[in-house]
Amino acid sequence: MTVLVLTDEADTTADRVLVELAARGVPAVRVAPSDFPVRVALAAGAGPQEAWSGCLIDREQGRTLVDLTAVRSVYYRRPNQFRLAEGMSGPEKAFAYGEARRGFGGVLQALDGCLWVNDPVAAARCEYKPVQLAAAVACGLEIPETLITSDPARAHQWATMLDKPIIYKPMSGAWPGGAGTPRMLYTSPVADLADLLDPALGQTAHLLQEQVPKLFEVRAMVTGGQVLSVAIHADSEQGRIDWWSDYDCHRYEVIELPAGIRESLVQLHRRLGLVFGAADLVCEPSGRIRFLETNQCGEWGWLATETGLPVAAALAGILEEGATPS
């Protein structure tokens, strides 16, 4: 049985899992979705009473990359966009891309008894932060006071009544930027509540949140029923607001979250249909822990390097078994 790893060529985090699978003697095949349909071909069929079977083929070498009936699990890590043949018109590209997504992606998702880490449909749903926050509360986790609005007056009223420092937090994480180059957006404090009355706020939805006091932040890697956690101590003002914005100022410490928090995180990911998630939490000076979000393909490779945390082993174990531990 084989593990199929779907990710781009530069994904060094996936490399860690592939090395762990190799050490266990588990066959694994890495495929970049961008290679379909130019470099990788799909051939699959189904019958009146037969599930899908077939293979992915290296078109340049004319050899089978993976027998689809042998795929036990799929590590859906960081798939990139299909690259189509040059010379197509705009409408032709749009049609071909849609067919590639429904054909290539559809056959893989239809494989019988195959474990996905993570299921693409569940992963797409988890991109919606309101869905995550509602599920977190239902699972017993505490979240910061949060408002999502496109109404300037409502935003100002909410912030005034809250009477606490607040932050603006992007829900997508990136700004398209010029020339198609994305630019990361980071969490930022709202220094002057009068800014919330700007009519421009009405042009889209915005997430505003209570600024939680931080002793440190936590990234917890939830893999099936296992939770591996690292405290992130930021030693700069910007890093304390959003640790993503200043990696150079961090110190890391392996910690064990309270049992109740660990159980709630496992329950949350099962509720969201995720086998793996990198959850971000805040530990306040009082010891109170609040949930911020989970990232269904969140990064953890640098944390494993800094702390020796066995995330790759946890993922490889699940992929090898082809089932989520109960």
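That block above? That's the structure.
Conventions used here
Residues numbered from 1 in each chain as written. Predicted model: local features only at pLDDT ≥ 70, side-chain atom pairs only at ≥ 80, totals over all residues. Heavy atoms only, no water. Helix = DSSP H or I, 4+ residues; strand = E, 2+ residues; numbered from the N terminus. Buried < 20%, exposed > 50% of the residue type's maximum accessible area, 1.4 Å probe, protein only. Contact = heavy atoms within 4.5 Å. Pairing = 2+ DSSP bridges. Axes fitted to C-alpha atoms, helices over the stretch in contact; angles between N-to-C directions. 1 Å grid on protein atoms, 1.4 Å probe; cavity = no way out; pocket = protein on both sides within 12 Å on 5 of 7 lines; lining within 4 Å. Points joined across faces, edges and corners; volume = space filled by probe spheres on them. Nonpolar A, V, L, I, M, F, W, Y, C, P; charged D, E, K, R; others polar. Expected span 1.5 Å × (residues − 1). Arc of directions from axis to C-beta. Polar contact = N/O pair within 3.5 Å; in protein donor to acceptor, adjacent residues only side chain to side chain.

K.L.:
Talk me through the environment of Glu127; I want residue IDs and the actual numbers.
P.N.:
You can see Glu127 is positioned in the loop between helix H3 (120-125) and helix H4 (129-138). A residue is classified by how much of its surface remains accessible, and Glu127, at 49% relative accessible area, is partly exposed. Considered as a pair, Glu127 and Val17 are 110 residues apart in the sequence and their alpha carbons are 24 Å apart. Setting aside residues up to four positions removed in sequence, Glu127 forms contacts with Met171 and Gln296.

K.L.:
Just give me the short version of the sheet that holds strand S8 (residues 146-149), but keep the residues and values in it.
P.N.:
Sheet strands pair via backbone hydrogen bonds, and the direction of the pair is either parallel or antiparallel. Reading across from one edge, S8-S13-S9-S12 is the order of the four strands in this open sheet, with antiparallel pairing throughout. Only two strands of the sheet have a single partner each, and these edge strands are S8 and strand S12 (188-189). The sheet contact formed by strand S9 (residues 166-168) and S12 spans two bridges and is antiparallel. Note on S12: the bridge partner recorded for Ile167 is Pro189. Along the sheet, helix H5 (residues 152-162) makes contact with S8, S9 and strand S13 (206-210), crossing S8 at roughly 170°.

K.L.:
So, the sheet that holds strand S15 (residues 226-234): which residues are in play, and what are the values?
P.N.:
Taken together, five strands build an open sheet; the order of strands is S16-S15-S14-S17-S18 and the sheet is antiparallel. This sheet does not close on itself; its edge strands, each paired only once, are strand S16 (250-255) and strand S18 (289-295). Strand after strand, the sheet turns through a mean of 25° between neighbouring axes, direction not considered. As paired strands, strand S14 (residues 216-223) and strand S17 (residues 276-283) are joined by eight bridges and run antiparallel to one another. Bridge pairing in S17 links Glu217 to Val282.

K.L.:
Run through empty space enclosed by the protein, naming residues and quoting values.
P.N.:
Summary: where empty space remains is shown by rolling a probe the size of a single water molecule over the atoms. Inspection of the entire model under this criterion finds two cavities of 30 Å³ or more. Taken as a whole, the largest cavity holds about 50 Å³ of empty space. Around the largest cavity, the lining residues are Lys129, Leu133, Lys169, Pro170, Met171, Leu207, Gln209, Leu292 and Glu293. Residue assignment for the lining of the largest cavity shows that the elements contributing at least two residues are H4, S13 and S18. Grouping the constituent residues of the lining of the largest cavity by class yields five nonpolar, one polar and three charged.

K.L.:
So what about helix H9 (residues 311-321)? Which residues, and what values?
P.N.:
Most of H9 sits inside the fold, with eight of its eleven residues counted as buried. Along H9, the residues that are buried comprise Val311, Ala312, Ala314, Leu315, Ala316, Gly317, Ile318 and Leu319. Looking one or two residues beyond H9, the residue adopting positive phi is Gly322, at roughly 75°.

K.L.:
Can you tell me about helix H1 (residues 12-23), naming the residues and giving the values?
P.N.:
Here H1 spans 17 Å end to end across twelve residues, near enough to the 16 Å set by a 1.5 Å rise per residue. Among the residues making up H1, those that are buried are Thr13, Ala14, Val17, Leu18 and Leu21. Seen from one end, H1 has its buried residues packed into an arc of 140°, which puts them on one side. Facing away from the buried side of H1, by more than 90 degrees, are the exposed residues Thr12, Val19, Ala22 and Ala23. Buried residues in H1 make contact with strand S1 (2-7), strand S2 (28-31), strand S6 (71-78), helix H8 (301-307) and H9. Between the side-chain oxygen at the start of H1 and the backbone nitrogen of Thr13 there is a gap of 3.1 Å, and the oxygen is on Asp11. Taken from the residues just after H1, Gly25 is the one with a positive phi, measuring 75°.

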